[in-house]
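One-letter residues, chain by chain:
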Amino acid sequence: MILEKLVQVGNPLLYQESTTIKNIKDSKTKDIIQNLIDSMRFFNMIWAAGVQIWEPKRIFITEIRKTPFRNPKDLDPLKIYINPKIIWYSKAQCILYEWCWSVANMKLFGPVKRPQKIIIEAFDENWNKFQLKADWLLSRVIQHEYDHINGIIFTQKITDIKKIMSQDEYIKNFYKQ
Ligand SMILES: [Zn+2]
């Protein structure tokens with residue numbers, strides 16, 4: 001089911017820590033997973049966390065789909081992360097622009113510095129534990145989502161407030177030169 005309206009910045013829900021999922025097999029968890037997938041694709045996001053669809057549980061999904069702009073090597077199929085834990089961060093860091101549907105409906109872009117690579121441990125939709133090493137865009141998306149389940153929004157981590165851009169300016173600056 002597509003959620004018509006996602007949680008927006010200013011709502012206290014976005015600042016609270018999400019709770020652990022105890023039972024993966026119940027229909028409630030299955031509903032959350034399906035609603036996350038449907039809403040993410042509908043709103044053209046490449047990630048979505050439970051809290052954004054009004055379910056503050058420790059779950060998020062990623063799916064880095066093809067766009068006219070996206071580097072093909074960054075593409076990554078749908079993944080579901082339940083009760084995730086980032087267990088390793090690289091010392092190397094990088095600054096990339098981030099955005100979020102929960103911040104002005106994805107219209108605000110800002111530079112954020114984070115570790116370039118991470119290793120995450122989580123359960124998938126079949127309750128199988130997995131470990132994943134991620135780099136660049138996938139690593140960035142995972143860290144952004146991991147912040148969501150810990151009640152943190154990317155705007156709190158913007159490295160230079162003067163470099164904030166609207167969506168239009170971001171596209172103009174980075175893709176239409
Ligand atoms: Zn977000």
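Refer to the structure presented above.
Residues numbered from 1 in each chain as written. Predicted model: local features only at pLDDT ≥ 70, side-chain atom pairs only at ≥ 80, totals over all residues. Heavy atoms only, no water.

Notes on the sheet that holds strand E1 (residues 47-49)
Put simply, the rule is: We call two strands paired when DSSP finds no fewer than two bridges between them. Only DSSP runs of H or I reaching four residues or more are called helices, and only runs of E reaching two or more are called strands; each is numbered from the N terminus. Every axis corresponds to a line fitted to the C-alpha atoms, with the helix fit spanning only the stretch in contact, and the corresponding angles, defined between N-to-C directions, vary from 0 to 180 degrees.
Reading across the sheet, the five strands line up as E1-E2-E3-E6-E7 and stay open at both edges, with antiparallel pairing between neighbours. Here the strands that pair on one side only, and so sit at the sheet edges, are E1 and strand E7 (129-134). Strand-to-strand twist across the sheet, computed as the mean angle between neighbouring axes with direction ignored, equals 40 degrees. The pairing of strand E3 (residues 76-89) with strand E6 (residues 118-123) spans five bridges and is classified as antiparallel. By the bridge assignment for E6, Ile-86 is matched with Ile-120.

A few points about the pairing of E6
Bridge count for E6 against E7 is six bridges, and the pairing is antiparallel. Following the sheet pairing, Phe-123 is matched in E7 by Lys-129. Connecting the antiparallel pair E6 and E7 is a turn made up of five residues, with Trp-127 showing a positive phi of about 65 degrees.

Considering the coordination of the zinc ion
In plain terms, the rule: Coordination here is defined by N, O and S atoms within 2.8 Å of the metal (3.2 Å for Na, K and Ca), and since water is not considered, a site can look incomplete. Each residue's exposure class comes from its accessible area (1.4 Å probe, protein chains only) as a fraction of the maximum for that residue type: buried when under 20%, exposed when over 50%, partly exposed otherwise.
Protein coordination at the zinc ion: the donors are Cys-100 (SG), His-144 (NE2) and His-148 (NE2), at 2.0 to 2.2 Å from the metal. Within one chain, the residues serving as donors to the zinc ion are arranged as C-x43-H-x3-H. Residue Cys-100 is found in the loop between strand E4 (93-98) and strand E5 (108-115), and its partner His-148 is found in helix H2 (residues 136-149); the two are separated by 48 residues along the sequence. An identical accessibility class is assigned to Cys-100 and His-148; each is buried.

Some words on the state of the cysteines
Each disulfide is one covalent bond, formed between the sulfur atoms of two cysteines. Rules: By definition, disulfides here are pairs of cysteine sulfur atoms that lie within 2.5 Å.
Inspection of every chain in the model, using the stated rule, returns zero disulfides. Counting only cysteine sulfurs, Cys-100 is the nearest neighbor of Cys-94, a cysteine outside any disulfide, at a range of 18 Å. On the basis of relative accessible area, Cys-94 is assigned to the buried category, the value being 11%.

Let's talk about the side chain of Arg-58
Inclusion rule: Counting of polar contacts relies on pairs of N or O atoms within 3.5 Å, with two restrictions inside protein: one atom must be capable of donating a hydrogen and the other of accepting it, and residues adjacent in sequence are counted only when both atoms are side-chain atoms. Throughout, a residue-residue contact means that at least one pair of heavy atoms, one from each residue, lies within 4.5 Å.
Here Arg-58 lies in the loop between E1 and strand E2 (59-64). A polar atom in the side chain of Arg-58 sits 3.3 Å from the backbone oxygen of Ile-149. Sequence-distant contacts of Arg-58, that is, excluding residues within four places in its chain, are made with Glu-17, Ser-18, Thr-19, Thr-20, Ile-21, Tyr-81, Ile-82, Asn-83, Pro-84, Ile-149 and Asn-150.

Re the packing of aromatic side chains
Definition in use: Pairing of aromatic rings covers Phe, Tyr and the six-membered ring of Trp, with a centre-to-centre limit of 6.5 Å; geometry is then stacked below 30 degrees between planes, edge-to-face above 60, and tilted otherwise.
Evaluated as defined, the whole model comprises 12 aromatic pairs. A centroid spacing of 5.0 Å and a plane angle of 85 degrees characterise the contact between Phe-42 and Phe-43, whose relative ring orientation is edge-to-face. Given the relative accessible area of 52%, Phe-42 is considered exposed. Judged by its relative accessible area of 10%, Phe-43 falls in the buried class. In this structure an aromatic cluster arises from ring pairing among Trp-47, Tyr-97, Trp-99, Phe-109, Tyr-170 and Phe-174.

Some words on the pattern of salt bridges
Going by this rule: A side-chain nitrogen of Lys or Arg and a carboxyl oxygen of Asp or Glu constitute a salt bridge if their distance falls within 4 Å.
Evaluation of the coordinates by the stated rule reveals 12 salt bridges. Its salt-bridge partner being Arg-114, residue Asp-147 comes within 2.9 Å of it at the nearest N-O pair. Taken together, the positions of Asp-147 in helix H2 and Arg-114 in strand E5 put the pair 33 residues apart, joining distant regions of the chain. One connected set of salt bridges, linked through shared partners, spans Glu-98, Arg-114, Arg-140, Asp-147 and Lys-157.

A closer look at the sheet that holds E5
The strands making up a sheet associate through hydrogen bonds between their backbones, and the pairing can be parallel or antiparallel. Taking strand neighbours across the sheet as the criterion, the three strands line up as E4-E5-E8 in an open arrangement whose pairing is antiparallel. With one partner strand each, in any of the chains shown, E4 and strand E8 (165-166) form the two edges of the open sheet. Bridging between E4 and E5 involves six bridges; their strand directions are antiparallel. Bridge pairing links Leu-96 to Val-112 in E5. Where H2 meets the sheet, its contacts fall on E4 and E5, and the angle it forms with E5 comes to roughly 100 degrees.

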